[in-house]
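# Summary of the model geometry
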Amino acid sequence: MNEYDSNRIYDLASTIGFNKTDVKKEADCFVLNTCHIREKATEKVYNEIGRVKKDFKNLKKPLVIVSGCVAQAESEEMIKREPYIDMIIGPQSYHKIRDSILDYERKKEKISETEFDVVGKFDELKKISNSHNKIFSYLTIQEGCDKFCHFCVVPYTRGPEYSRPFEQIIDEAQNLVSNGVKEIILLGQNVNAYNYNKKYTLSSLIRALSNIKNLKRIRFITSHPNDMTEDLIECYRDCKKLMPLLHLPIQSGSNKILKLMNRKHDQKYYMSVVEKLKKVNKDIKISSDFIVGYPGETERDFKDTIKLVKKIGFINSYSFIFSPRPGTLAASKKLNNLTENEKRLKKLQNILENFQNKNNKKYLQQNCEVLIENKLNNQKKYFGRTKHMTPVIFEADNCKIGELVNVKIISFNQKNLFGIYKTNKMKAA
Ligand code: SF4
């Protein structure tokens, strides 16, 4: 979501004369768009500011803005601790960035904007067209979360669940497609909780977006298992543009730990969702997130996670050792033994890697559908992704960026597939 927000912050700033530069020392203004989910996120921001300070030691000081969830969580404290920062702007207030910059230039007074004005934000953003023109684009449809998992900061930094107006999203998608975008990834902290005016859900959005000519692929991220409704599951049967890879975090395979995390579902329920998905689309694959060593996790709980992983055979998954986030309920809990946690993480990651390898091996000598994202510099090679998001590097003489092509896979490693161009007639699986 930060990538989407950063692009929109740029769209806003460009209306008052700012342009992007790749030459750091040329910048008049730095916007550090931060994420609070990362470990030691706050310290990383101060370190980055330290680097900017060093680079500009003998130059005119740039305007330094910290935006995003760290700005929201730390607020004015950041300006007090690091006076080099001129402005703090939260993720639900960044539409005010233009007025704030102009105000700062007039008065030279530090600014802190951290209200949860999500409606105002999207009303303002809709007035400025999204300039993103790469092959795939993120598109925020929902923000915030009401679920309050005990380890997570999102409900505190992004605020309560909010769904953008349906028409606003369709307009933005159409605009992106006219810029050349071929694949849209719908975003939300609880994207499948999208519900506008109790009339439009995520499934209605997917069905409407499927009608946009020249849009070739649709994905959405990140979903909560409890919001995987029947109508949404059916989209995996009916909507050919909806790609058959679903990121569905479970975090742990132990019911005890899921309860301690306040995930509000158990392992059996999660399995039932996966089974329903596989029933409507046998091509569907699931990726997930795992927290290892959550406070209270025993060897038996960890074994339950391993059991679940083996049962489902996840691909493209993320796994981390639990680390406390300030302000969350889990932050006050006694930490598990680190060495034990590290051992467990390694074991889990080995299993996940094996599944990834096995999955990639299945493509060998097969033709697969690839959406071309770019050409590798000075080589007759292209980069694209399969329907399941696996990166593919393939040889070809002359392909068009943004085209769907058939690639024959001839080798693989854990992360990538390698192949040769077959045809642009889509007969692939
Ligand atoms: S559902 Fe997701 S965003 Fe919401 S609190 Fe839980 S982990 Fe955080």
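Below you will find a few notes about this structure. (Residues numbered from 1 in each chain as written. Predicted model: local features only at pLDDT ≥ 70, side-chain atom pairs only at ≥ 80, totals over all residues. Heavy atoms only, no water.)

### Points about the sheet that holds strand β5 (residues 136-140)
Taken in spatial order, the three strands line up as β5-β8-β11 in an open sheet, and their pairing is parallel. Single-partner strands in this sheet number two, and they are β5 and β11 (217-221). Averaged over neighbouring strand pairs, the angle between their axes works out to 25 degrees when direction is ignored. (Pairing = 2+ DSSP bridges. Helix = DSSP H or I, 4+ residues; strand = E, 2+ residues; numbered from the N terminus. Axes fitted to C-alpha atoms, helices over the stretch in contact; angles between N-to-C directions.)

### Brief notes about the pattern of salt bridges
If you walk through the whole model with that rule in mind, you get 33 salt bridges. With a closest N to O distance of 2.7 Å, E183 and R219 form a salt bridge. Here E183 is found in strand β8 (residues 183-187), whereas its partner R219 is found in strand β11, with 36 residues between them in sequence. Comparing E183 with R219 shows no difference in burial state: the two are buried. For the salt bridge of R344 with E299, the shortest nitrogen-to-oxygen distance reads 3.3 Å. You can see R344 sitting in helix α14 (residues 338-361) and its partner E299 sitting in helix α13 (residues 299-312), a full 45 residues away along the chain. Assessed through its relative accessible area of 7%, R344 is described here as buried. (Salt bridge = Lys/Arg side-chain N within 4 Å of Asp/Glu carboxyl O. Buried < 20%, exposed > 50% of the residue type's maximum accessible area, 1.4 Å probe, protein only.)

### Looking at unusual backbone geometry
Across the junction of I221 and T222, the peptide omega takes the value 5 degrees, indicating a cis bond. Mapping T222 onto the fold places it in the loop between β11 and α10 (230-238). Residues other than glycine seldom take positive phi values, yet N197 does so here, at roughly 55 degrees. For N262, which is not glycine, the phi dihedral falls at a positive 65 degrees. The residue N262 is located in the loop between α11 (255-261) and α12 (267-280) in this model.

### Notes on the layout of surface pockets
Estimates place the volume of the second largest pocket at around 690 Å³. Among the elements of the structure, α1 (2-14) and β1 (29-34) are those that each provide at least two residues to the lining of the second largest pocket. Tallying contributions element by element places β1 first for the lining of the second largest pocket, with six residues. (1 Å grid on protein atoms, 1.4 Å probe; cavity = no way out; pocket = protein on both sides within 12 Å on 5 of 7 lines; lining within 4 Å. Points joined across faces, edges and corners; volume = space filled by probe spheres on them.)

### Here's the deal with empty space enclosed by the protein
The full count for this structure, using the stated rule, is one cavity of 30 Å³ or more. The volume enclosed by the largest cavity comes to roughly 30 Å³. If you go around the largest cavity, the residues you meet are D5, N33, S67, G68, G90, P91, Y94 and R158. Across the lining of the largest cavity, the residue classes break down as two nonpolar, four polar and two charged. (Nonpolar A, V, L, I, M, F, W, Y, C, P; charged D, E, K, R; others polar.)

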